[in-house]
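Each chain, letter by letter, is given below.
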Amino acid sequence: GGLAGGTATTALYPTEFLRTRLALDRGRSIQERQYRGMWDAARQIVTSDGIRGIYNGYGISLAGSVVYRLIYLGGYDVMKNELKFWKEKQKQQQE
């Protein structure tokens with residue numbers, strides 16, 4: 001579960017980062033906007049900060065995603081096994 005969350009975050013983070021930058025830029029008037037689109041935002045960020053600029057905040061996002069998926073999917077497996085055990089125990093008590 002945690003690996004799935006980490007993989008998804010790694011693959012999608014640059015797109016989400018650029019989308020967030022564009023969303024923050026939308027409040028301005030058209031003449032005051034810093035970016036003209038996603039490709040322009042990516043170009044400007046890579047030019048000013050390098051490729052690492054697109055992964056700004058990646059570490060905390062990755063950690064949160066891995067922990068969330070680990071608890072969510074791991075918790076599902078644990079609860080599924082517990083429920084199965086509980087049902088079998090109930091059957092044995094009825095016999």
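See the structure shown above.
The shown structure was predicted, so the numbers you read here are calculated from the model rather than taken from an experiment.

### Comments concerning the packing of aromatic side chains
One pass over the full model with this rule turns up 5 aromatic pairs. When the ring of tyrosine 55 is compared with that of tyrosine 58, the centres are 5.4 Å apart and the planes differ by 90°; the resulting orientation is edge-to-face. A relative accessible area of 33% means that tyrosine 55 is categorised as partly exposed. An angle of 15° between the planes, with centres 5.7 Å apart, marks the rings of tyrosine 68 and tyrosine 72 as stacked. Of the two residues, tyrosine 68 and tyrosine 72 are both situated in helix 3 (residues 58-94); the distance of 4 residues between them amounts to about one turn of the helix.

### With respect to the pattern of salt bridges
When their charged atoms lie close together, side chains carrying opposite charge are able to pair. Under the counting rule described, the total for this entry stands at 3 salt bridges. Residue glutamate 16 pairs with arginine 19 through a salt bridge whose shortest N-O separation is 2.7 Å. Here the residue glutamate 16 and the residue arginine 19 both occupy positions in helix 1 (residues 2-25), the gap between them amounting to 3 residues, near one helical turn. Note that arginine 36 is salt-bridged to aspartate 40, the shortest N-O span being 3.6 Å. Given a relative accessible area of 74%, arginine 36 falls into the exposed group. Shared partners join several salt bridges into a network, and the residues in it are Arg36, Asp40 and Arg43.

### Considerations on the nonpolar core
Listed in full, the 9 residues of the largest apolar core are Tyr13, Phe17, Leu18, Leu22, Tyr35, Ala41, Ala42, Ile45 and Ile54. At the level of secondary structure, the elements contributing two or more residues to this core comprise helix 1 and helix 2 (38-49). Take this core: its biggest share by element is 4 residues, from helix 1. The residues contacting isoleucine 54, other than those within four sequence positions of it, are Tyr13, Pro14, Phe17, Ala42, Ile45 and Val46.

### Some points on the side chain of aspartate 40
Within the secondary structure, aspartate 40 sits in helix 2. Accessibility expressed as a relative area gives 10% for aspartate 40, which makes it buried. At 2.9 Å, the side chain of aspartate 40 and the side chain of glutamine 44 are in polar contact. Setting aside its immediate chain neighbours within four residues, aspartate 40 contacts Gln34 and Tyr35.

Here is what the cut-offs are and how they apply
- Residues numbered from 1 in each chain as written.
- Predicted model: local features only at pLDDT ≥ 70, side-chain atom pairs only at ≥ 80, totals over all residues.
- Heavy atoms only, no water.
- Phe/Tyr/Trp six-rings, centres within 6.5 Å; stacked < 30°, edge-to-face > 60°.
- Buried < 20%, exposed > 50% of the residue type's maximum accessible area, 1.4 Å probe, protein only.
- Helix = DSSP H or I, 4+ residues; strand = E, 2+ residues; numbered from the N terminus.
- Salt bridge = Lys/Arg side-chain N within 4 Å of Asp/Glu carboxyl O.
- Core = buried A, V, L, I, M, F, W, Y, C linked by side-chain atoms within 4.5 Å.
- Contact = heavy atoms within 4.5 Å.
- Polar contact = N/O pair within 3.5 Å; in protein donor to acceptor, adjacent residues only side chain to side chain.

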